[in-house]
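# Architecture at a glance
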Amino acid sequence: MEETGRERKAAGPPPWAPTKSTVFRSYAAAVVGDRAEAPSARGNGVAARSSNLRAVRKRPIVARLTRDIVQTFEKCNPEFNYVDSLNPKHFLTTPAVPVHNDGLDNANSDLILYVNLELVNKKSDRRYIVEEMLGQGTFGQVAKCWDAETNSYVAVKVIKNQPAFYQQAIMEVSLLSMLNDKFDPDDQHHIVRMLDFFPWKNHLCITFEMLGHNLYELLKKNNLRGLQLQFVRTFSRQILDALIVMKGAGIIHCDLKPENILITPKVNSAAGVKVIDFGSACMEGKTIYSYIQSRYYRSPEVLLGYPYTTAIDMWSFGCIVAELYIGLPLFPGASEYDVLSRMIEMVGGQPPDDLLREAKNTRKFFKHAGSIYPGNEAHDGLRSSYRILTEDEVEARDSKKPKIGKWYFPRGRLDRLIFSYPWKNLNEEAEKEDCLALVDFLRGLVEFDPNKRWSPLQASYHPFITGEAFTGPYEPFRETPVIPVGRAATVDHNPGGGHWLAAGLSPQVVSWKH
Ligand SMILES: Nc1ncnc2c1ncn2[C@@H]1O[C@H](COP(=O)(O)OP(=O)(O)OP(=O)(O)O)[C@@H](O)[C@H]1O
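From a predicted model like this one, the values you see are computed outputs, not experimental measurements.

Before going further, it helps to examine the site of the ligand. In the vicinity of the ligand, 21 residues are found, and the nearest of them are Thr-138, Lys-157, Glu-209, Leu-211 and Asp-277. Measuring from an oxygen atom of the ligand, one finds a side-chain N or O atom of Thr-138 at 2.4 Å. The separation between an oxygen atom of the ligand and a polar side-chain atom of Asp-277 is 2.8 Å. Protein contacts shield 95% of the accessible area of the ligand, which totals 620 Å² for the unbound molecule. Breaking the shell around the ligand down by element, the ones donating at least two residues are β4 (126-136), β5 (140-147), β6 (152-159) and β8 (203-209).

Given below as structure tokens:
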């Protein structure tokens, strides 16, 4: 299946500085062009206007003049006649042409937002004044709003006025309130805080704490050259912390990607991140959708149509960790076939045969070779009765070529990519050791077999995360008796925190100094 939803617009090439390798340069430029991004309205005009508004709020004399500006004009000119409807609105939503909902919504069922529009929680009479657009996504729009009651900014997600989106947003509200209130009451585990939710003009509005740029924006600011290892470690540690809590709650995020990890305002000058967007999340053991996760971060079991668990978030997490280091997506496939081929080539190996036997989409990507496939150099002497179809075989079957993206860095294994990455200066012994630890860390995350892939708690004890000396391949402790998912009659999904108990821990035990 080709991508339909979740397509985002190209962001344009980055301001690329003089390089060590033109191969990497063109790769980055193409990846930015290929990777679709939510159209952001953080234009200069909007930014300037918002800082003006802030200035107005802070200076009482200016605030008074501004508030009473109509009266002031009337005093100056008795013929001055202010009519609200003639006041030009600064629209933030595109398109801003009224179509549905008595002219309040556009053709996409998005509420047409404009600067100074008030979104009101009628129950509490709390008002949120729209100031700028933060993001327009699948489920609706996220606007930066001024909360007059707390004198602070919040991010308000205004869900599209359509039953399916409303239902999924209700799920987001219920899962996030459970995570916030029950599993992270003291806001220690890097999960966004939901502050309020209410209906407004047939749209569900969800209010969140205001956070900063997302990690993709951060990587772009850094010319897609990746972050220093210390930041990769800190961010990974914090995302893992959130994943431990989510697994404890039995929640699968289903859309973990750099765009959904936001930088928190600095506390004591320490960098921090939080996981956002539970709009695709579901409870483990109650999975409904099969078409989930953004393509670059989609796990093999989801691609193959196999029952999935919280392990799919660990796959996405592995892709994110690698991307933070190299600055570029690990598997930027132009189609699902391309993503799977890249996984096989870069990680080595392929999904285990019993998974391939049971998965719904195996025939889309693999050929059952009948007897044992002896493997080849690229597959590490793999022995399997399945092999991935060649491009020609896919073309012959589908009567069209599979979409294949360019390879802009030298083809090969992940470890080679990490060690040969031109922007890193691996002169120091300590840096080389850190890199070895990173490669070993990634090994346990981008593991084809979801039952062998490390859980967040197992990963959290890896030397790359703890900062201990890396002495050799990490062997995680055994967490729970392994009951292969989809290969057993009943599966204990640990929805209520059994994961913690099995490990003899409570969520509070695992905390790091950030
Ligand atoms: N709490 C927040 N603080 C600041 N910005 C935010 C916040 N929440 C969301 N955003 C911005 O809005 C964007 C879209 O948010 P979100 O992912 O929740 O919406 P979505 O409709 O589910 O989007 P998508 O379709 O991309 O998944 C984010 O990438 C981020 O840039």
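This part takes up helix α10 (residues 336-347). Across its 12 residues, α10 extends 16 Å between first and last C-alpha, which sits within 8% of the 16 Å expected from 1.5 Å per residue. Where burial is concerned, most of α10 is hidden: 9 out of the 12 residues are buried. Inspection of α10 places Glu-336, Tyr-337, Asp-338, Val-339, Leu-340, Arg-342, Met-343, Ile-344 and Met-346 among the buried residues, and these make up the whole buried set. The positive-phi residue at the C-terminal boundary of α10 is Gly-348, with phi of around 85°.

A separate point is the pairing of strand β7 (residues 194-200). Pairing analysis gives 6 bridges linking β7 to β8, with the strands arranged antiparallel. When the sheet's bridge partners are listed, Trp-200 is paired in β8 with His-203. Remark: 2 residues form the turn of the hairpin made by β7 and β8, two consecutive strands paired antiparallel; Lys-201 in that turn has positive phi of roughly 50°.

On to the confidence of the model for the chain, then. Confidence in the prediction of the chain, expressed as mean pLDDT, is 81, and 76% of residues score 70 or more. Here residues 1-30 scores under 50 on pLDDT; set against residues more than four positions off or in separate chains, the count is 77 contacts. Across residues 482-514, confidence stays below pLDDT 50; counting only partners more than four residues off in sequence or on other chains, it has 66 contacts. For this predicted complex, the interface score ipTM comes out at 0.97, alongside a pTM of 0.80.

Leu-179, Phe-317, Phe-331, Leu-340, Phe-366 and Phe-441 are the most contacted members of the largest nonpolar core, which has 96 residues in total. If we skip the residues at most four places from it in the chain, Phe-441 touches Leu-240, Phe-317, Val-321, Trp-454, Ala-459, His-462, Phe-464 and Ile-465. Leu-92, Val-115, Cys-145 and Cys-205 belong to the second-largest nonpolar core, a separate cluster that totals 19 residues.

Scoring rules and cut-offs
Residues numbered from 1 in each chain as written. Predicted model: local features only at pLDDT ≥ 70, side-chain atom pairs only at ≥ 80, totals over all residues. Heavy atoms only, no water. Near = heavy atom within 4 Å. Polar contact = N/O pair within 3.5 Å; in protein donor to acceptor, adjacent residues only side chain to side chain. Areas by Shrake-Rupley, 256 points an atom, 1.4 Å probe, with all protein chains shown as cover. Helix = DSSP H or I, 4+ residues; strand = E, 2+ residues; numbered from the N terminus. Expected span 1.5 Å × (residues − 1). Buried < 20%, exposed > 50% of the residue type's maximum accessible area, 1.4 Å probe, protein only. Pairing = 2+ DSSP bridges. pLDDT = per-residue confidence, 0-100. Contact = heavy atoms within 4.5 Å. Core = buried A, V, L, I, M, F, W, Y, C linked by side-chain atoms within 4.5 Å.

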